[in-house]
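# Breakdown of the fold
Letter by letter, the chains look like this.
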Amino acid sequence: MKKSRIVLVFVLFVLIFSTVPQEVTAQTPPTCGYDSNVESILAEVTQEDVVQWIRNFSGEDFVPIGVSQKKILTRFSTQLFNLNVNALAYPYLGEQLRSFGFEEGTYLTDHAYTPNYVPTGTENMIDLHNVGEDYVSSDRNTKVVGNPDQTTTWKNKVVTIPGHGPNADEIVLMTAHMDSTSPQRNTNAPGAEDNASGVAALMEAARLFRFYKFDRTIKIIFFTGEEQGLWGSEAYVEDHPAEMDNIIGVVNLDMFGYDNDQDMCIELHVGTMPDSNQVGTCFTEVNTNYNLGLAYDYVTNGAIGASDHASFWDAGVGAIEVLENFQAHDESFGCNGTQDRNPHYHQITDTIDKMYMPATLATVKAGVGSVASLALPMGKCFATDPQITATPQTESIIVNWAEIEGADVYNVYRSTTSCAGSFTQVAQVSTNSYKDVDIDLENDYFYKVQAAETGAVCYSQMSNCAVARVEVPIFFDIFIPLVIAGE
Ligand SMILES: [Zn+2]
């Protein structure tokens with residue numbers, strides 16, 4: 001009797017509450033359902049690109065920096081900013097981002113901070129900020145604290161992609177530390193997994209997001225000083241208190257792609273804040289919706305704080321850390337209780353050959369897809385891309401194309417070597433043609449054109465390549481001797 005009454009009450013309770021609408025919160029929780037824009041973005045993230053970014057940032061290949069070709073042999077923060085010619089990762093990063101069309105001073109900015117501490121004592125490390133060496137005690141439970149040394153400036157690199165929608169004041173952050181360390185950190189710290197992997201993910205996001213419109217604003221931040229104890233991210237949080245209230249979530253990517261047992265299993269360090277759980281949930285939904293094939297330990301209690309996401313946790317901002325299978329967790333999680341830690345972590349042997357590319361690529365895609373989804377994609381910037389022709393005139397070349405709907409300006413690029421050569425921007429025009437008078441006769445000129453919005457980061461894909469050359473006019477051969485003869 002009593003039992004059935006309880007059941008009846010329970011049924012009524014369920015009936016009533018299932019029809020009551022859910023409480024509407026001020027900030028809509030992000031849902032990362034399937035979106036065709038995200039699918040198109042992820043289709044452009046290729047293993048070839050990811051491998052090349054990691055090779056470039058970890059000193060495998062020469063990279064163009066200014067007028068020279070250099071290898072980036074270390075990214076230890078002191079070397080990044082002391083003009084070490086083997087540590088030019090910061091200027092290389094800036095040049096690459098500018099080549100994507102991120103205008104310096106507007107959409108590409110430096111966040112400068114003073115890093116060097118004059119020690120005044122030690123403090124307990126509540127967040128396991130224990131990745132540094134100089135500034136962390138041997139017991140790894142305390143770190144050295146002190147006053148900033150005003151004689152040095154370090155920088156974080158910030159890419160801003162303003163939102164196009166009604167929620168443009170809300171911000172999604174994608175972060176990774178670009179610095180590295182090793183026992184020979186001033187000369188040789190490749191840091192391929194830690195953390196050229198995260199840098200590669202951010203470069204792919206920067207490369208691809210510029211072709212799309214998002215409702216929310218996206219910030220892509222390359223932190224430095226992480227290995228000393230999250231200095232770059234701590235300074236960023238401290239210097240942007242108002243921004244913290246507008247951040248929807250932070251996807252921090254630090255150290256992934258090592259997967260010795262090839263089980264495609266990673267760790268998501270989510271922690272216990274509801275806002276972080278929304279970001280973590282989004283990541284798992286993206287993994288499912290785009291068939292990325294990752295397994296994962298979803299770590300809430302006991303999540304580690306030893307990366308830049310912890311600086312945001314300290315400010316109450318939802319954030320997750322995406323990591324290799326660094327620790328053994330409960331067997332019921334995705335990695336089945338296993339630990340698959342990179343033994344080359346913080347060594348001179350942290351090179352790309354130790355990594356497993358299918359896991360690296362899938363994790364990059366999941367990170368890029370999560371940020372794109374959280375930012376609420378609205379579509380491509382332009383429905384079509386320019387199609388151009390180049391026509392030689394007497395002493396000039398005319399480049400023509402059909403107008404692209406929604407374009408404010410067109411950027412004209414030229415190469416003097418080939419369609420596959422290096423192009424430099426020669427003009428920005430608001431009409432649908434360009435007259436190139438800066439030419440030598442009998443030379444081939446190659447052109448490409450890109451449509452753009454002004455006051456935004458929004459580009460079409462590059463047009464086809466068109467080539468033209470102006471021949472020496474035949475009458476010159478006759479006319480010039482005649483003039484000379486007449487004199
Ligand atoms: Zn790291």
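Cut-off values and rules
Residues numbered from 1 in each chain as written. Predicted model: local features only at pLDDT ≥ 70, side-chain atom pairs only at ≥ 80, totals over all residues. Heavy atoms only, no water. Helix = DSSP H or I, 4+ residues; strand = E, 2+ residues; numbered from the N terminus. Contact = heavy atoms within 4.5 Å. Areas by Shrake-Rupley, 256 points an atom, 1.4 Å probe, with all protein chains shown as cover. Donors = N, O, S within 2.8 Å, 3.2 Å for Na, K, Ca; no water. Tetrahedral: all angles 85-135°; square planar, octahedral: opposite > 155°, others 65-115°. Buried < 20%, exposed > 50% of the residue type's maximum accessible area, 1.4 Å probe, protein only. Axes fitted to C-alpha atoms, helices over the stretch in contact; angles between N-to-C directions. Left-handed = near helix turned anticlockwise from the far one by under 90°. Nonpolar A, V, L, I, M, F, W, Y, C, P; charged D, E, K, R; others polar. Phe/Tyr/Trp six-rings, centres within 6.5 Å; stacked < 30°, edge-to-face > 60°. Lys NZ or Arg CZ within 6 Å of the ring centre and 35° of its normal. Salt bridge = Lys/Arg side-chain N within 4 Å of Asp/Glu carboxyl O. Pairing = 2+ DSSP bridges. Core = buried A, V, L, I, M, F, W, Y, C linked by side-chain atoms within 4.5 Å. Domains from an automatic or database assignment.

## Describing the overall build of the protein
Scanning the protein from N- to C-terminus turns up 12 helices and 21 strands. Sequence-distant contacts in the protein: of pairs separated by 6 or more residues, those separated by 24 or more amount to 77%. Carbon and sulfur atoms provide 52% of the accessible area of the protein, an area that totals close to 21,800 Å².

## Describing the coordination of the zinc ion
Around the zinc ion, the protein contributes the donor atoms His 177 (NE2), Asp 194 (OD), Asp 254 (OD) and Asp 254 (OD), which lie 2.0 to 2.7 Å from the metal centre. Around the zinc ion, the four donor atoms sit at angles spanning 52 to 149°, and that spread fits a shape best called irregular. Each donor residue of the zinc ion lies on the same chain, and together they follow the pattern H-x16-D-x59-D. Taken as a pair, His 177 in strand S7 (residues 171-177) and Asp 254 in the loop between strand S10 (247-253) and strand S11 (265-269) lie far apart in primary sequence, 77 residues in all. Note on His 177: relative accessible area 0%, which makes it buried.

## With respect to the packing of helix H9 (residues 274-289) against helix H11 (residues 357-374)
At their nearest, the axes of H9 and H11 sit 9 Å apart, and the two run at 120° to each other. H9 and H11 meet at a crossing whose hand is right-handed. From H9, Val 279, Cys 282, Phe 283 and Val 286 reach across to H11, where they touch Ala 366, Gly 367, Gly 369, Ser 370, Ser 373 and Leu 374. When its residues are assigned to classes, the contact of H9 with H11 shows six nonpolar, four polar and no charged.

## Here's the deal with the packing of aromatic side chains
Taken as a whole and judged by the stated rule, the model has 13 aromatic pairs. Ring geometry for Phe 223 versus Phe 312: centroids 6.3 Å apart, planes at 45°, classification tilted. Of this pair, Phe 223 sits in strand S9 (residues 217-223) while Phe 312 sits in helix H10 (residues 309-314), placing them 89 residues apart in sequence. The class for Phe 312 is buried, based on a relative accessible area of 0%. An aromatic cluster is defined as three or more aromatic residues linked by ring pairs; in this entry it consists of Phe 81, Tyr 90, Tyr 113, Trp 154 and Trp 231. Lying over the aromatic face of Phe 326, Arg 341 brings its terminal NZ or CZ to 3.7 Å of the ring centre.

## A closer look at the pattern of salt bridges
Enumeration over the complete set of coordinates arrives at 13 salt bridges. Here Glu 104 and Arg 98 are joined by a salt bridge, their closest N and O atoms 2.4 Å apart. Looking at Arg 98, the relative accessible area reads 38%, which means it is partly exposed. Each of Asp 49, Glu 204 and Arg 207 takes part in one network of salt bridges that share partners.

## Considerations on the pairing of strand S17 (residues 409-415)
Buried residues dominate S17, accounting for seven of its seven residues. Of the two faces of S17, both are covered, the one formed by Val 409, Asn 411, Tyr 413 and Ser 415 as well as the one formed by Tyr 410, Val 412 and Arg 414. In the sheet, S17 pairs with strand S20 (residues 444-452) via seven bridges, with the strands oriented antiparallel. The partner of Asn 411 across the bridge, within S20, is Gln 450. Relative to strand S18 (residues 424-429), S17 runs antiparallel, the two being bridged by five bridges. Bridge pairing in S18 links Asn 411 to Gln 428.

## Section: the nonpolar core
If you look at the biggest cluster of nonpolar residues, it comprises 82 residues, and the most contacted ones within it are Leu 97, Phe 102, Phe 209, Ile 220 and Phe 222. Ranked by residues supplied to this core, first place goes to helix H6 (residues 192-209) with 11 residues. Counting the residues that make up this core, at least three belong to each of domain 1 (36-379) and domain 2 (388-474). Apart from residues no more than four positions distant in its own chain, Phe 102 is found in contact with Leu 97, Tyr 107, Leu 108, Val 159, Ile 161, Ala 206, Arg 210 and Val 457.

## Things to note about the sheet that holds S18
Read from one edge to the other, the open sheet built from four strands follows the order S18-S17-S20-S21, with strand pairing classed as antiparallel. Single-partner strands in this sheet number two, and they are S18 and strand S21 (466-469). The average angle at which neighbouring strand axes cross in this sheet is 30°, direction not considered.

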